[in-house]
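# A closer look at the structure
What follows is the residue order along each chain.
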Amino acid sequence: MVGLQLRKMEQMNQHRIRVLHVHGDLIAGGGQVLSREWLASIDRSRFEPFVVVLNQPTTLKSSFEDNEIRVTEIFGNRIAQIIKLAKYIRKNKIDIVHTQSEPDRKVGHWAALITRRPVVAHAHSAWVYFAGENQANVIKQLRSSIMLKARKISERSVVAFIATSQVVADSFSQLTSKPITVVEPGVSIRNAVYSADEKLQAKNKMGLEKNQRLIVNASRLDDLKNLDDFILAIAKMRAEVDVVGFIYGEGEDKTDLEQLIENVGCKEFIKILEPVTDLVPVFGAADIFLATSLSESFGMSVLESLSQGLPVVAYDLEAYERYGDGICRVSLNDVDALVSQSIKILNSSNYANEIVEKGIQACKDFDITVGTKKLEAIYSKNTQKISNK
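Since the structure is predicted, the reported quantities are computational estimates derived from the model, not experimental observations.

Across the two faces of strand S11 (residues 288–291) the burial is the same, with Ile 288 and Leu 290 and Phe 289 and Ala 291 all buried. Pairing analysis gives two bridges linking strand S8 (residues 213–218) to S11, with the strands arranged parallel. Among the inter-strand pairings, Val 216 is bridged to a residue of S11, identified as Phe 289. Handedness of the crossover joining S11 and strand S12 (residues 312–315) through helix H12 (residues 300–307) is recorded here as right-handed.

The subject of this paragraph is the sheet that holds strand S2 (residues 47–53). Strand order in this open sheet of seven strands is S3-S2-S1-S4-S5-S6-S7, and the pairing throughout is parallel. With one partner strand each, in any of the chains shown, strand S3 (70–73) and strand S7 (180–182) form the two edges of the open sheet. The sheet shows a mean angle of 25 degrees between the axes of neighbouring strands, direction not considered. Of the strand pairs in this sheet, strand S1 (residues 17–23) and S2 are connected by seven bridges, and their pairing is parallel. Paired with His 21 across the two strands is Val 51, which belongs to S2. Seen against the sheet, helix H5 (residues 102–115) touches S1, strand S4 (96–99), strand S5 (119–122) and strand S6 (158–163) and runs at an angle of roughly 165 degrees to S4.

A surface patch of like charges, here negative, comprises Asp 223, Asp 228, Glu 252 and Asp 256. Taking relative accessible area as the criterion, Asp 228 reaches 36% and is therefore assigned partly exposed.

Looking now at the pairing of S1. The buried count for S1 comes to six of seven residues, which makes it a mostly enclosed element. Alignment of S1 against S4, held across four bridges, turns out to be parallel. Bridge pairing links Leu 20 to Val 97 in S4.

A few words now on the confidence of the model for the chain. Reading predicted coordinates in detail is not appropriate for stretches of low pLDDT. A residue-level look at the chain finds 85% of positions with pLDDT of 70 or above and a mean pLDDT of 86. In the predicted structure, residues 127–135 sits below a pLDDT of 50 and forms 19 contacts with residues beyond four places in sequence or in another chain.

Here we come to helix H8 (residues 196–205). Within the span of H8, buried status applies to Lys 199, Ala 202 and Lys 203. Down the axis of H8, the sector holding all buried residues measures 100 degrees, keeping them to one side. Relative to its buried face, H8 has exposed residues pointing more than 90 degrees away, namely Asp 197, Gln 201 and Lys 205. For H8, the secondary structure elements touched by its buried residues are S8 and helix H11 (280–285). Immediately downstream of H8, the backbone of Gly 207 shows phi near 80 degrees, a positive value.

Residue Pro 57 is bonded to the preceding Gln 56 through a cis peptide linkage, with omega at -5 degrees. One can find Pro 57 in the loop between S2 and helix H3 (61–66). Phi is positive for Arg 116, close to 60 degrees, though the residue is something other than glycine. For Arg 116, the location among the structural elements is in the loop between H5 and S5. Residue Arg 116 is classed as partly exposed on the basis of its relative accessible area of 41%. With phi around 55 degrees, Asn 226 is a residue other than glycine that occupies positive phi space. By the secondary structure assignment, Asn 226 is in the loop between S8 and helix H9 (227–237). Given the relative accessible area of 11%, Asn 226 is considered buried.

In this section: the packing of aromatic side chains. Evaluated as defined, the whole model comprises five aromatic pairs. Taking 6.3 Å as the distance between ring centres and 70 degrees as the angle between the ring planes, the aromatic pair formed by Phe 283 and Phe 289 counts as edge-to-face. Taken together, a centroid distance of 5.4 Å and an interplanar angle of 75 degrees make the contact between Tyr 323 and Phe 366 edge-to-face. Within this pair, whereas Tyr 323 is found in the loop between S12 and strand S13 (328–330), its partner Phe 366 is found in the loop between helix H14 (349–363) and helix H15 (368–382), the two being separated by 43 residues in sequence. Note on Tyr 323: relative accessible area 2%, which makes it buried. According to the relative accessible area criterion, Phe 366 is buried, its value standing at 7%.

This paragraph deals with the environment of Leu 85. Secondary-structure assignment places Leu 85 in helix H4 (residues 78–91). The class of Leu 85 is buried, set by a relative accessible area of 0%. Not counting chain neighbours up to four residues away, the residues in contact with Leu 85 comprise Leu 20, Val 22, Val 52, Ile 74, Val 107, Gly 108 and Ala 111.

Evaluation of the coordinates by the stated rule reveals 16 salt bridges. Lys 358 serves as the salt-bridge partner of Glu 354, at 3.2 Å between the closest nitrogen and oxygen. Of this pair, Glu 354 and Lys 358 both sit in helix H14, separated by four residues, roughly a single helical turn. Assessed through its relative accessible area of 39%, Glu 354 is described here as partly exposed. One network of salt bridges, in which partners are shared, links Arg 16, Arg 18, Glu 48 and Arg 70.

A few words on H5. Given a rise of 1.5 Å per residue, 14 residues ought to cover 20 Å, and the 20 Å separating the end C-alpha atoms of H5 matches this to within 8%. Residues Asp 104, Arg 105, Val 107, Gly 108, His 109, Ala 111, Ala 112 and Thr 115 constitute the buried set of H5.

Cut-offs used in this document
- For every chain, the first residue of its written sequence is number 1, and the numbers climb from 1 along that sequence.
- Local features in this predicted model are restricted to residues whose pLDDT is 70 or higher, and side-chain atom pairs enter the listing and the counts only when it is 80 or higher, whereas totals over whole chains, interfaces and linings include all residues.
- Side-chain metrics in this entry use all non-hydrogen atoms of the structure; hydrogen atoms and water are not considered.
- Under the scheme applied here, a residue whose accessible area is under 20% of the maximum for its type counts as buried, over 50% as exposed, and between as partly exposed, the area being computed with a 1.4 Å probe on protein chains only.
- Only DSSP runs of H or I with at least four residues qualify as helices, and only runs of E with at least two residues qualify as strands; both kinds are numbered from the N terminus onward.
- Strands are labelled as partners when DSSP assigns at least two bridges between them.
- Here, the term right-handed applies to a crossover whose path from the first strand over the helix to the second runs clockwise when the strands point away from the viewer.
- What counts as an axis is a line fitted to C-alpha atoms, over the stretch in contact for a helix, and the angles between N-to-C directions run from 0 to 180 degrees.
- We call two residues contacting when some pair of their heavy atoms lies within 4.5 Å.
- Residues enter patches when their relative accessible area tops 30% and they take part in no salt bridge; the joining distance is 9 Å for like charges and 5 Å for the nonpolar side chains Val, Leu, Ile, Met, Phe, Trp and Tyr.
- To measure how exposed things are, a 1.4 Å probe is used in the Shrake-Rupley method; for residues, cover is taken only from the protein chains shown.
- When a carboxyl oxygen of Asp or Glu is within 4 Å of a side-chain nitrogen of Lys or Arg, the pair counts as a salt bridge.
- Neither His nor the chain ends contribute to the count of charged residues, in which Lys and Arg are positive and Asp and Glu negative.
- Here the site of a charge means atom NZ of a Lys, CZ of an Arg, CG of an Asp or CD of a Glu.
- As a per-residue measure, pLDDT tells how confident the predictor is, with possible values from 0 to 100.
- The arc in question is the one traced by the directions running from the helix axis out to the C-beta atoms.
- By convention, a stacked pair of Phe, Tyr or Trp rings (six-membered ring in the case of Trp) has centres within 6.5 Å and planes under 30 degrees apart, an edge-to-face pair has planes over 60 apart, and any other such pair is tilted.
- Helices are assigned an expected span. That span is 1.5 Å times one less than the residue count.

This is the structure we're talking about:
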């Protein structure tokens, strides 16, 4: 009987499609979280997930492993990474490779081409495909032209593209003849709305005083996230409300942001904290998620906030249009508008509840299982498409 069960398990493993997600890093926030959610919800009777990370930081590694997703680090120079990744693909009998961003495309596509494995690639901004054009410096122009040609060769391994919105798909369609499928981002919808007592308890656990209001952000510390405006907005709000700001993240701008916090005299009230793999307790204590990004492909942290019943105030980006009135959107770079909308939410529980309800309704269209089923169909359709030619 035991032998029969073992044989059945072996047969199931043999028939499962082995999917490899390649990441440049596993920093908290953005596409890495989406990758984790997709792989965590994938049908394990049909698919076996693997992850390779090419560089530090690897903050989210434990959260992948908590979901029984194997993570392997392949660090080093690009040539060595390509060789090691190709060996990894062969050794683990990977069926299909999924690349997410620019760093992992440079390695993943070549490794897949060497091993004749099909690639599903994310369609991001179009500018990377015009890297060889409009360069003033002749040497830079030549280098960019060579890189562009190398990209086109490596992308022979790509059998399909994924876009996170129809807008991206439409803009990218002129650059490739390969199929592009829109797979909207998603989260595990919990729709947790916290009572006043629950929120107070959550704040107490974080060491906040009873009347303090908490505004949060969770993202990379880089220029596009524009966290200077988060800091400036909190500093201005403090003239009217006892508010503190917590930023959860890591990145190259940390030192500059800490200096700005000191310059505006808010060292005690604005903190840059280590990223966390589970933001649920943070959202339970927070009053607002303040998103100051200048550009987003979808905004995973915003979607997570909405699903947790947390009001979101953000700049008016195209990526946020999908959430409709579920987000309080203000004009780009208008810090005063961020401040006024946030204070309006903090001072009016009725208005805050109205925003929360709209946010919860908006995020119901983005349950992670919807996107996962689309991915499963793409993986099944394209597995071994190259090696069978």
